[in-house]
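Residues per chain, in single letters:
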There are 2 protein chains.
Amino acid sequence: MTKLVKPHGGGPLKPLLLTGVARDTELQRASSLPLIPVSSREKGDLLMLGIGSFTPLDGFMHHDDWRSVCDNYTLANGVFWPIPITLSTTKTRADGISINSEIALVDPDNSSDILATMRVTGKYMIDKAHECKAVFRTTDPEHPGVRMVMEQADENLSGPVKVLSQGGFPEKYGAMYMSPAQTRATFDANGWATVAAFQTRNPMHRSHEYLAKVAIEVCDGVLVHSLLGNLKAGDIPADVRTKAIAVLIEKYFVQKTVVQSGYPLDMRYAGPREALLHALFRQNYGCSHLIVGRDHAGVGSYYGPFDAHAIFDEIPRGALETKPIKMGLTFWCHRCAGMSSGRTCPHDVKDQLQVSGTQLRKWLSEGHPVPAEFSRPEVLEVLRAYYAKLE
Amino acid sequence: MTKLVKPHGGGPLKPLLLTGVARDTELQRASSLPLIPVSSREKGDLLMLGIGSFTPLDGFMHHDDWRSVCDNYTLANGVFWPIPITLSTTKTRADGISINSEIALVDPDNSSDILATMRVTGKYMIDKAHECKAVFRTTDPEHPGVRMVMEQADENLSGPVKVLSQGGFPEKYGAMYMSPAQTRATFDANGWATVAAFQTRNPMHRSHEYLAKVAIEVCDGVLVHSLLGNLKAGDIPADVRTKAIAVLIEKYFVQKTVVQSGYPLDMRYAGPREALLHALFRQNYGCSHLIVGRDHAGVGSYYGPFDAHAIFDEIPRGALETKPIKMGLTFWCHRCAGMSSGRTCPHDVKDQLQVSGTQLRKWLSEGHPVPAEFSRPEVLEVLRAYYAKLE
């Protein structure tokens, strides 16, 4: 019997991906349906729906769900949900689709790749500024999440989907790419009850290793869970990042205390609301905890550094089974002679070794040495090779 | 409103200490009662009863409680309790005491110090081997806890107590000596909800600092809670220990993340069962968690190193609100270049700096240098001064 947290919503995992003959038949049928291209963000959402990460959703949200998520953090049926999962298309395209008809959703970069079929049971316009204010706490068009919403097409289509593609992720990442059913099976095989997810879109330096190891001290294991969808320009690509993380795990972690995997979502940079979504889908992956660091899923200075901690105390008790492990800024402190955080190191900031991403990129691309207290030599070697190739 | 765990048993704290006029009157009355000396262990239990640490007990256990605690880990009324809290006296003395009469309990070292009065509502003989097998998992007379039970007098007296003394602890330790009501008020003033108790009967070196700091990363605060009762010969006395801990806290912890206090109990060395008692009374002090290390409350090799972890999974869900933070052996690892544990360091034991108590005592009394990775210089200074005085 599993000792893991239950999937979100109280029922079993709900993967919407068809496989085998069912998939082939649907794909055949889909080729005669109107083709609707989706955005990169919508593709990520579809892939998440496919593998069951967005359990218990059936597809893209209806208008009443959209409004309730914005205003009450719940679907119209009362189930907790922090961020709208919606599909948009142009008014012209929408006008050509009648209610209860079916459409095929295609890859934005390759319209011959049919990602899913969808029965359109709703069409609606939204107040985009209302969504942005609710989800991002701002309507500033400089905010990358706001920009995504503002630039999306005018009309939303809603209804249940049948997912037909995994977007190439299993081929690209192999055994590292796992569905919620697969991470749960792995955790069960390890006998784990409590698992902390470590959300990352960066390579792991010693500060991240420390976060993961604190979690290992208090949980049965850690899931290092990399975002494999799109992120900002200048970020380290997912394949380099996962390689750097793999070498860290191999050299500095105890076997069977950590699992590395990834998920296909794009970043929305919604800060606190996205932290809640991160916890929600980690519950589906079988994680009892989510490590929530400083400015989790934030961008620029739109959110206070601990807004994503506070929001977990503001949602109703029982909304999520997955709980935050709230951590501050972490760093090597010369006076502590060890890894510390704002909660455990009382010393002056000048004793604390902090290296910005910009500084590190500069050092690495110039071949400058990087302190071993900041990052493991094996990790730096992977990153140096990447920057050398960039030249 | 407090956000702390509730006291054990579901009701309010139940301190049995009389104060002011009530105490003076009772003390007056007590002087005419039969005087019964108690053992050092029984004195510690009385002081714990006095300040409410053993809530919801009313006094020393009756025969049906004793049996149920040994066999079922509960009082006769079903409330969880892992170790008998009993009073013994000689058969001759017991024969002179009639049921429902009152007695005065006096300090073993000073019979003019009346610790408590007690209405004797029960007298019974116990199967000492049965208690030892249940509580200590052994009847080996070399086990110090077994020896205590085997050497106690033949008959047990049970009944409610009125406690009249604090055994000199408030005078000796000042503000550091706190009742459960006092630690709760302190935690409430700090706004804490989750507090981990760090049980110690030793000075804190870096391995202990690491345990406490892991707890601070995941809880609102830590209670460093020193046993101030009697322990084995050769251990560092409580006043030296608390001084060494105070300097560590001052130099290496963030203010308002840690409270140092102590409690008047003697060690029983009952390993897993004592870990449960440690968690139980920490719940009364307001602690949501107890750090349970390797061989917690063990002695010699009577218990497996993680028996005290496992027992928390064997008791009924809901028996205790206070949960364990299970930690392994902790140490500095030269390859990790940091503090680690068996769960977070994959390296060879030869890379792990481990110093035995015997080795440390030898180094300190010989003025030999001690690695800074093992203990903070400020702590070593306090210990060196103590050993120098011993010479």
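Please refer to the structure placed before this passage.
Think of each chain on its own: its residues are numbered from 1, step by step along the sequence as written. A letter from A marks each chain and a number from 1 marks each ligand, given out in the order of writing. At least 70 in pLDDT is required for a residue's local features to be given in this predicted model, at least 80 for side-chain atom pairs to be given and counted, and no such filter applies to totals for whole chains, interfaces and linings, which use all residues. In computing side-chain properties, one takes all heavy atoms of the structure into account and sets aside hydrogens as well as water.

(A) Local environment of the overall build of chain A. The secondary structure content of chain A amounts to 14 helices and 15 strands. Its C-alpha atoms give chain A principal-axis dimensions of about 70 × 50 × 40 Å. Per-residue accessibility, obtained with a 1.4 Å probe over protein chains only, is compared with the maximum for each type, and a residue is labelled buried under 20%, exposed over 50%, and partly exposed between these values. When each of the 391 residues of chain A is scored for burial, the buried share is 58%. Only heavy atoms matter for contacts: two residues are in contact if any of them lie within 4.5 Å across the pair. The long-range fraction of contacts in chain A, counting pairs at least 24 apart against all pairs at least 6 apart in sequence, stands at 74%. Charge-centre separation for chain A: the mean point of 42 positive side chains lies 3 Å from the mean point of 42 negative side chains. Labels follow the DSSP assignment, with helices taken as runs of H or I lasting at least four residues and strands as runs of E lasting at least two, numbered in each case from the N terminus. Just so you know, the count uses Lys and Arg for positive and Asp and Glu for negative, and it drops His and the chain ends. Charged groups are reduced to one reference atom each: NZ for lysine, CZ for arginine, CG for aspartic acid, CD for glutamic acid.

(B) Summary view of the state of the cysteines. A pair of cysteine sulfur atoms is labelled a disulfide when the two atoms are within 2.5 Å. Scanning the model with the defined rule gives 0 disulfides over all chains in all. Between cysteine 219 of chain A, a free cysteine, and cysteine 287 of chain A, which holds the nearest cysteine sulfur, the sulfur-to-sulfur gap is 9.3 Å. Cysteine 345 of chain B supplies the cysteine sulfur nearest to cysteine 333 of chain B, a cysteine that is in no disulfide, at a spacing of 3.6 Å.

(C) Spotlight on the side chain of arginine 268 of chain A. Residue and element names in this part refer to chain A. Considering the arrangement of structural elements, one finds arginine 268 in the loop between β10 (258-263) and α11 (272-284). Assessed through its relative accessible area of 3%, arginine 268 is described here as buried. Here a polar contact means two N or O atoms within 3.5 Å. Within protein one must be a hydrogen donor candidate and the other an acceptor candidate, and residues neighboring in sequence count only if both atoms are side-chain atoms. A polar atom in the side chain of arginine 268 sits 2.7 Å from the side chain of aspartate 45. The contact partners of arginine 268, leaving out residues within four places of it in the chain, are Arg41, Asp45, Ile83, Pro84, Ile85, Phe136, His143, Gly145, Met148 and Glu274.

(D) Structural detail: the sheet that holds strand β12 (residues 323-326) of chain B. All names here are of chain B. Any two strands between which DSSP finds at least two bridges are classified as paired. Spatially, β10-β9-β8-β11-β12 is the arrangement adopted by the 5 strands of the open sheet, whose pairing is parallel. In the strand order of this sheet, the two ends are held by β10 (258-263) and β12, each with one partner. Direction aside, neighbouring strands of the sheet carry axes that sit 30° apart on average. Sheet topology note: the strand β8 (residues 195-200)/strand β9 (residues 221-227) ladder contains 6 bridges and is parallel. Among the inter-strand pairings, glutamine 199 is bridged to a residue of β9, identified as histidine 225. To get an axis, fit a line to the C-alpha atoms, keeping to the stretch in contact for a helix; angles then go from 0 to 180 degrees between the N-to-C directions.

(E) Up close: the packing of aromatic side chains. Only the six-membered ring of Trp is used, alongside the rings of Phe and Tyr, when aromatic pairs are assigned; centres must lie within 6.5 Å, and planes under 30 degrees apart are stacked while those over 60 apart are edge-to-face, with the rest tilted. For the structure on display, the rule yields 18 aromatic pairs over all chains. When the centroid spacing of 6.5 Å and the interplanar angle of 15° are considered together, the rings of tyrosine 73 of chain A and phenylalanine 80 of chain A count as stacked. The ring of tyrosine 252 of chain A has arginine 376 of chain A sitting right over it, with the charged end atom 4.0 Å from the ring centre. Note on criteria: charge over ring means Lys NZ or Arg CZ within 6 Å of the ring centre, with the direction from the centre no more than 35 degrees off the ring normal. Stacked on the ring of phenylalanine 253 of chain B, the Lys or Arg lysine 213 of chain B has its end atom at 5.0 Å from the ring centre.

(F) Representation of the packing of helix α3 (residues 63-72) of chain B against helix α5 (residues 128-136) of chain B. Residues and elements named next belong to chain B. At a closest axis distance of 8 Å, the pairing of α3 and α5 adopts a crossing angle of 40°. In terms of their interaxial angle, α3 and α5 are classed as oblique. Once α3 is placed against α5, the crossing between them reads as left-handed. Taking contact as the criterion, the partners of Trp66, Arg67, Cys70 and Asp71 in α3 are, on α5, His130, Glu131 and Ala134. By the definition adopted for this analysis, an angle is roughly parallel if under 35 degrees, roughly antiparallel if over 145, roughly perpendicular if from 65 to 115, and oblique otherwise. For a crossing to be left-handed, the near helix must be turned anticlockwise from the far one by less than a right angle; the clockwise case is right-handed.

(G) Quick peek at the packing of helix α10 (residues 238-252) of chain B against helix α14 (residues 377-390) of chain B. All names here are of chain B. α14 packs onto α10 with a crossing angle of 160° between their chain directions and a minimal axis gap of 8 Å. For the element pair α10 / α14, the angle class is roughly antiparallel. Note on packing geometry: the crossing formed by α10 with α14 is right-handed. Across from Val240, Lys243, Ala244, Val247, Leu248, Lys251 and Tyr252 in α10, the residues of α14 making contact are Pro377, Glu378, Val379, Val382, Leu383 and Tyr386. When residues are grouped by polarity, Ala, Val, Leu, Ile, Met, Phe, Trp, Tyr, Cys and Pro land in nonpolar, Asp, Glu, Lys and Arg in charged, and all others, Gly among them, in polar. Tallied by class, the residues present in the contact of α10 with α14 amount to 10 nonpolar, no polar and 3 charged.

(H) Main features of helix α10 (residues 238-252) of chain A. In a helix, the anticipated span is given by 1.5 Å times the number of residues less one. Compared with the 21 Å implied by 1.5 Å per residue over 15 residues, the 21 Å span of α10 of chain A between its first and last C-alpha is a close match. If you follow the buried residues of α10 of chain A, they end up packed against α7 (169-173), β8 (195-200), α9 (206-218), β9 (221-227), β10 and α14 (377-390) of chain A.

(I) Summary view of the interface of chain B and chain A. Contacts between the two partners involve 32 residues from chain B, matched on the other side by 32 residues from chain A. Note on definitions: buried area is the accessible-area loss of two parts on being combined, 1.4 Å probe, summed for both. Summed over both sides, the interface of chain B with chain A buries roughly 2,300 Å², with 49% coming from carbon and sulfur. A pairing counts as a salt bridge when a side-chain nitrogen of Lys or Arg comes within 4 Å of a carboxyl oxygen of Asp or Glu. For the pair chain B and chain A, the interface holds 0 salt bridges. Counting across the chain B and chain A interface gives 22 residue pairs in polar contact (both at pLDDT 80 or more). Elements with a contribution of two residues or more to the side of chain B that touches chain A: α9 (206-218), α10, β12 and β14 (338-341) of chain B. Its residues assigned to classes, the side of chain B that touches chain A shows 15 nonpolar, 8 polar and 9 charged.

(J) Quick peek at the sheet that holds strand β14 (residues 338-341) of chain A. Residue and element names in this part refer to chain A. As summarised here, the arrangement of the 3 strands in space is β14-β13-β15, forming an open sheet in which the pairing is antiparallel. Whereas interior strands pair on both sides, the edge strands pair on one side only; in this sheet they are β14 and β15 (352-353). Taken together, the 4 bridges between strand β13 (residues 330-333) and β14 define a ladder with antiparallel strand orientation. By the bridge assignment, tryptophan 332 is partnered in β14 with methionine 339. Of the strands in this sheet, β13 and β14 are in contact with α9, which crosses β13 at around 110°.

The values are spatial; any link to function lies outside them.
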